[in-house]
Amino acid sequence: MSEKTNFLTKAFNKKADSLLSILGQSYILVETSQIHDIRLNIKRLRAIFHLVEILNPEEFSAEHDGLFLKTLFKTAGKIRDIQVNLLNLEQLAEKSELI
């Protein structure tokens, strides 16, 4: 295994483990920070996928091989949008009670 491959494998495994850990914790109640961490880890994994594609374009396609990450990223983004909207509604309700 080349030094580049070893580095990329370690980087991928570290981010994948982190993502799986967060996902394992958040199947019941998803905290705002967990969604942020999920999206951040997905971004980093996708960056690794693009780097692997640059180094080995004939055997790897970041778009094709990382499609599951794109889907997960979009879903997490929708959840994050809902969280932000709920926070905004709560703040608006608090303000309206003060008036």
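For the structure itself, consult the block above.
Residues numbered from 1 in each chain as written. Predicted model: local features only at pLDDT ≥ 70, side-chain atom pairs only at ≥ 80, totals over all residues. Heavy atoms only, no water.

By size, the foremost hydrophobic cluster in this structure holds 13 residues, and its most contacted members are Leu-19, Ile-38, Ile-42, Leu-45, Phe-49 and Leu-69. Only α1 (3-25), α2 (32-55) and α4 (67-98) provide two or more residues apiece to this core. (Core = buried A, V, L, I, M, F, W, Y, C linked by side-chain atoms within 4.5 Å. Buried < 20%, exposed > 50% of the residue type's maximum accessible area, 1.4 Å probe, protein only. Helix = DSSP H or I, 4+ residues; strand = E, 2+ residues; numbered from the N terminus.)

This part covers the packing of aromatic side chains. The tally for this structure, following the rule as stated, stands at two aromatic pairs. Pairing Phe-49 with Phe-60 gives two aromatic rings, centres 5.3 Å apart and planes at 75°, and the pair type is edge-to-face. Placement of the pair is Phe-49 in helix α2 and Phe-60 in the loop between α2 and α3 (62-65), with a sequence separation of eleven residues. For Phe-49, a relative accessible area of 8% translates into the label buried. For Phe-60, a relative accessible area of 19% puts it in the buried group. Between Phe-49 and Phe-68, the aromatic rings sit 6.3 Å apart at their centres with planes inclined by 65°, giving edge-to-face as the arrangement. Of this pair, Phe-49 sits in helix α2 while Phe-68 is found in helix α4, placing the two residues 19 residues apart along the sequence. One aromatic cluster in this structure is built from Phe-49, Phe-60 and Phe-68. Above the ring of Phe-73, the side-chain terminus of Arg-39 is found at 3.9 Å from the ring centroid. Sitting over the ring of Phe-73, Arg-46 keeps its end group 5.7 Å from the ring centre. (Phe/Tyr/Trp six-rings, centres within 6.5 Å; stacked < 30°, edge-to-face > 60°. Lys NZ or Arg CZ within 6 Å of the ring centre and 35° of its normal.)

Relative to the helices and strands, Asn-41 is located in helix α2. Distance in space between the C-alpha atoms of Asn-41 and Ile-22 is 9.6 Å, their sequence separation being 19 residues. Ignoring sequence-local partners within four residues, the contact set of Asn-41 consists of Lys-15, Ser-18, Leu-19 and Ile-22. (Contact = heavy atoms within 4.5 Å.)

Turning next to α2. Between its first and last C-alpha atoms α2 spans 35 Å; for 24 residues at 1.5 Å apiece the expected length is 34 Å, and the two agree. For α2, the full list of buried residues reads Gln-34, Ile-35, Ile-38, Asn-41, Ile-42, Leu-45, Ile-48 and Phe-49. (Expected span 1.5 Å × (residues − 1).)

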